Amino acid sequence: MIFGLFGKKNGNRRIVERQYAHLTAAAREPGLYEALGVPDTVMGRFEMLSAVLILYFRRTRSCATSGQEIAQEIIDAFFEDVDHSIRELGVSDVGVPKRMKKFAAMFYGRLESYAAALDAADREALALALRRNIYPEAGDDAPSMEALADHLMAVEWTLASVPEEDIDIGALRLSPPPETRPG
């Protein structure tokens, strides 16, 4: 029995890699930065990847066991990426756990605030949470995040119709922002 569990996790690796690649590509979509006001910085990319992952996790929460297992492995891959990025930025081995704890708290705080706004279909609350997180130092001078909130709400609505089979094989894709959609 226990050997079957290890085999299943290894079998998920390709699915997780494929799905994580789709999610990171969606978070790097140029329109998010060029048209929707997200700064193209390390923190701006963290913010967008966090938002994309939150939408993905919200979609997978109603999935069968395999979809939830894949989602958990994707969150593990995300935090491995964060750890690797922190190390690449020159943070010492001693400082990495403290930074990881900070990033984990940031991610889960965003999950809570974005989920509350999305659950209530509250565009204004989502835009304010995005603005506060993406531009923490700007105060009243921060750009409006209403277009980004509209986009994220539309993506969540679209994800609700994605078949569970697409999630099980790592084929879930997010729509690009309207300004960057072909045609």
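Residues numbered from 1 in each chain as written. Predicted model: local features only at pLDDT ≥ 70, side-chain atom pairs only at ≥ 80, totals over all residues. Heavy atoms only, no water.

Tallying secondary structure elements over the chain gives eight helices and zero strands in all. When its helices and strands are written in sequence order, the chain yields α-α-α-α-α-α-α-α. Over its C-alpha atoms the chain spans a radius of gyration of 17 Å, differing by no more than 12% from the 16 Å that the globule rule assigns to 183 residues. Viewed in the frame of its principal axes, the chain has a C-alpha envelope of about 55 × 45 × 30 Å. Burial statistics for the chain: of 183 residues in total, 42% are counted as buried. Counted over contacts in the chain with a minimum sequence separation of 6, partners at least 24 positions apart contribute 65%. Carbon together with sulfur atoms contributes 55% to the accessible area of the chain, which is approximately 10300 Å² in total. Distance from the positive charge centre (21 side chains) to the negative charge centre (28 side chains) of the chain: 4 Å. (Helix = DSSP H or I, 4+ residues; strand = E, 2+ residues; numbered from the N terminus. Rg over C-alpha atoms; globule rule 2.2 N^0.38 Å. Buried < 20%, exposed > 50% of the residue type's maximum accessible area, 1.4 Å probe, protein only. Contact = heavy atoms within 4.5 Å. Areas by Shrake-Rupley, 256 points an atom, 1.4 Å probe, with all protein chains shown as cover. Lys, Arg positive; Asp, Glu negative; His and termini not counted. Charge placed at Lys NZ, Arg CZ, Asp CG, Glu CD.)

Contact pair helix 6 (residues 123–134) / helix 7 (residues 146–159): the axes reach a minimum separation of 8 Å and the direction vectors enclose 115 degrees. Once helix 6 is placed against helix 7, the crossing between them reads as right-handed. Each of R123, L126, A127, L130 and I134 in helix 6 lies in contact with helix 7, whose residues at this interface are E146, L148, A149, D150, L152 and M153. For the contact of helix 6 with helix 7, the per-class residue count stands at eight nonpolar, no polar and three charged. (Axes fitted to C-alpha atoms, helices over the stretch in contact; angles between N-to-C directions. Left-handed = near helix turned anticlockwise from the far one by under 90°. Nonpolar A, V, L, I, M, F, W, Y, C, P; charged D, E, K, R; others polar.)

Among the surface-exposed residues, V42, M43 and L89 lie close enough to one another that they form a single nonpolar patch of about 300 Å² accessible area. Inspection of the secondary structure puts L89 in the loop between helix 4 (65–88) and helix 5 (96–119). (Patch = residues over 30% accessible without salt bridge, like charges linked within 9 Å, V, L, I, M, F, W, Y side chains within 5 Å. Salt bridge = Lys/Arg side-chain N within 4 Å of Asp/Glu carboxyl O.)

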